[in-house]
Each structure stands twice: as structure tokens, then as C-alpha cells.
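Chain by chain, the residues:
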Amino acid sequence: MNLKKISPWLEALAMLAWGILLLKYWITGKLSILIHPNYFGLTLAGGIGLMVIGGLKTWELVKLDRTTKQSRTSPANNSLRVTEVEHVTLFPPSIGSTLMLSVALIGLATTPRTFTSQTALERGLTESLPITRLQPQEFRNTTKPELRSLVEWVRLLNFNPEPDIYRGQKVKVQGFVIHPPNIAEQYMWIGRFIITCCAADAYPIGLPVKLRIGQSRTAFAPDSWLEIEGETIVEELQGKRKLIIQASSLKPISEPKNPYDY
């Protein structure tokens, strides 16, 4: 089959497929685990635009194909076509469109999933935020400790990393369970992923949790979601003094519709 003939069709189908994929993610609510809400409008506009352009290009190709079948070129025109200069490319002209179409079809056939605790360990679990997230105007300590989210606790630690300041405060946070390999079985981490733009730049944050005597983290599977209530304590963990949640209640909860924070 002539690659030059199918290449325009592949381009049109790739644009249509990507437009449909972006709209599918928006309709099903999966867009929130792939991109920051600030870019939802741009993504939706891009999906609609791709569908319109892909549809127009497909209609143009259909009309051109009909015209070609109805009017056969003359020998003189054929001789001119033979002398046309062809562009030399390293890859076949359809390779890019084929890859784009293939990726879109895979996206349509599969469902995106949130990052796991293993991803958090691989990316480096931390109690700090990047410099772009440090906004001093948000560090007004007017919120009751038990009303702070996990991200707000981490933000406070970034503002003032001295853990003794927060000793003895009540805690009520939600997140997914992480089992770091190099701490005792009585400890685990509760974490969340932060997105600044899209899932590609998502990074994990969290706080260590100390279980009650007689409890082991094996009772709480990695990636399961918990609502943890307790009190902050300060202990040395992994060679550093850390703010730790002394858990008094660990309640299993469902994974939120939007598991990320921003």
C-alpha cells in the first residue's frame, strides 16, 4: 500500500482519536488525575478543536477520493507526476501519525489510574514542598490543628521546620498508606500526591504515623486510604527528629474522586 496515500488518512484519524480521548477523560472525570484543574478549559478546547480539524480533514479526504475515482488523469499528467521531486525523509511519512494514533487508541481502550505508594517511594517521599509552593500569605495559623489537611501540615513544616512547635496538637488527615522499607513495623507514612501542572510533575508528600502498641503496619495495606486521627509527637526517625502522628484512630475510607492536591 502506498504510504503517501494513507498518510493523510492517518493524520486525520489521529487528530479525531486524540480529540475523542480528551473529551472522554473530561466526561468520565478522569481528567482530574492527569492534569491540574486550571488547565481543564484549555484541554477541553483542545479536544474539541482536534475533533473539528480531524473531521474537516476527513471530509476533505473523502471528497478528494471521490474526485480522483471519477476523473482519471491523462498520460500527460502522469508523466508530469513522475518528474515531481519527492522529499527525502529519515522515516516513512506516516510513522508519526501512526504513533500518535496508536497512543490515542491505547488511551481509549484503557483507564488511567492514580499513582501508587511504590511510585511515591521511587520519586522520593518528602515532608517538603518546592519553592514555588511556599506562599507565606497562606501560613496564617488560624485554622484549628484538627482541621488542617495533610498538605497544610506539610506547608507549616516548610514555613517552620522545628517539630517541637507543633508537639501535642490534634490531627485529622486523609491519605494513602505507604510502607517505607527502612523503618520499624510500628511506623508507616500517610501521603498524597501534589500536582502543579500535570501528572508528569506530580510529587509525593506525607507524614510518618506511629501506630499504637501491638499494632503493625501489615494490617494496613499499601495504597489503601485512611482517615487518621491522633496527636503530634516528636521522635527521631531515620536519623532525624521528625513530627510524627501518634494515631489513636485509623478509619478506612474510599479513594477520593480526586486523590491529588494542588
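Scroll up for the structure.
Every chain's residues receive numbers from 1 upward, in the order its sequence appears when written. Local features in this predicted model are restricted to residues of pLDDT 70 or higher, and side-chain atom pairs are both shown and tallied only at a pLDDT of 80 or more, whereas totals for entire chains, interfaces and linings draw on every residue. Here the side-chain values reflect all heavy atoms present in the structure, with hydrogen atoms and water set aside.

1. Overview of the overall build of the chain
Using the following cut-off: The secondary structure listing takes helices from DSSP runs of H or I that are at least 4 residues long and strands from runs of E that are at least 2 residues long, numbered from the N terminus. Note on classification: 1.4 Å probe, protein chains only; a residue is buried when its accessible area is under 20% of the maximum for its type, exposed when over 50%, partly exposed between these limits. Working rule for contacts: check all heavy atoms of both residues, and any pair within 4.5 Å makes them a contact. Computed with a 1.4 Å probe, the accessible areas rest on the Shrake-Rupley method; for each residue, only the protein chains presented here act as cover.
Secondary structure assignment for the chain yields six helices and five strands. Start at the N end of the chain and walk to the C end: the helices and strands fall as α-α-α-α-α-α-β-β-β-β-β. Looking at the 262 residues of the chain, the share that counts as buried comes to 35%. Taking contacts inside the chain between residues at least 6 apart in sequence as the whole, the part at least 24 apart equals 72%. Carbon and sulfur atoms provide 60% of the accessible area of the chain, an area that totals close to 15500 Å².

2. Examining helix α6 (residues 150–159)
When you tally the buried positions in α6, you get seven out of 10 residues, the bulk of the element. For α6, the complete set of buried residues consists of Leu150, Val151, Trp153, Val154, Arg155, Leu156 and Leu157. Lining the buried residues of α6 we find β1 (170–178), β2 (187–194), β3 (203–210), β4 (225–237) and β5 (240–253).

3. Focus: helix α2 (residues 40–70)
We count it as follows: Expected span, for any helix, means 1.5 Å times one less than how many residues it has.
Taking 1.5 Å per residue as the helical rise, α2 with its 31 residues ought to reach 45 Å, and the 45 Å between its terminal C-alpha atoms agrees with that figure. When α2 is considered as a whole, its buried residues turn out to be Thr43, Gly47, Gly54, Thr58 and Leu61.

4. What to know about the environment of Leu10
Following the sequence through the fold, Leu10 ends up in helix α1 (residues 3–28). The spatial distance from the C-alpha of Leu10 to the C-alpha of Gly96 is 9.1 Å, given a sequence separation of 86 residues.

5. Side note on the packing of aromatic side chains
Threshold: Any two of the Phe, Tyr and Trp rings considered here, Trp counted by its six-membered ring, make a pair once their centres fall within 6.5 Å; the pair's planes then place it as stacked at under 30 degrees, edge-to-face at over 60, or tilted in between. Only when the NZ atom of a Lys or the CZ atom of an Arg is both within 6 Å of the ring centre and within 35 degrees of the ring normal do we say a charge sits over the ring.
Under the definition given, this model contains six aromatic pairs. Pairing Phe115 with Phe193 gives two aromatic rings, centres 5.1 Å apart and planes at 45 degrees, and the pair type is tilted. With Phe115 in the loop between α4 (95–109) and α5 (117–123) and Phe193 in strand β2, this pair connects stretches of sequence that are 78 residues apart. By relative accessible area, which is 22% here, Phe115 ends up partly exposed. Judged by relative accessible area, which is 1%, Phe193 ranks as buried. For the pair Trp153 and Tyr166, a centre-to-centre distance of 6.3 Å together with 85 degrees between the ring planes defines the contact as edge-to-face. Taken together, the positions of Trp153 in helix α6 and Tyr166 in the loop between α6 and β1 put the pair 13 residues apart, joining distant regions of the chain. Exposure remark for Tyr166: the relative accessible area of 5% places this residue in the buried category. Over the ring of Phe115 we find Arg123; its NZ or CZ atom is 4.5 Å from the centre of that ring.

6. Let's talk about the pattern of salt bridges
Counted only if it meets this: Note on definitions: salt bridges are taken to be side-chain nitrogens of Lys or Arg within 4 Å of carboxyl oxygens of Asp or Glu.
Scanning the entire structure with this criterion turns up six salt bridges. With its nearest N and O atoms 3.6 Å apart, the salt bridge here joins Arg217 to Glu185. Linking Arg217 in the loop between β3 and β4 with Glu185 in the loop between β1 and β2, this pair joins segments that are 32 residues apart in sequence. Three or more residues are tied together by salt bridges with common partners; here these are Glu162, Asp164, Arg167 and Arg241.

7. Looking at the sheet that holds β3
So the rule is basically this: Paired strands are those between which DSSP finds at least two bridges. Interaxial angle, 0 to 180 degrees, is taken between N-to-C directions of lines fitted to C-alpha atoms, where a helix line uses only the stretch in contact.
The strand order around the closed barrel formed by five strands is β1-β2-β3-β5-β4, and the pairing between neighbours is mixed. Pairs of neighbouring strands in the sheet enclose a mean axial angle of 60 degrees, with direction left out of account. Here 13 bridges tie β4 to β5, and the two strands are oriented antiparallel to one another. Note on β5: the bridge partner recorded for Glu236 is Arg241.

8. Looking at the pairing of β5
By the bridge criterion, two bridges tie β3 to β5 in an arrangement that is parallel. Along β5, the bridge assignment pairs Val209 with Ile245. The loop that links β4 with its antiparallel partner β5 comprises two residues; one of these, Gln238, has a positive phi angle of about 55 degrees.

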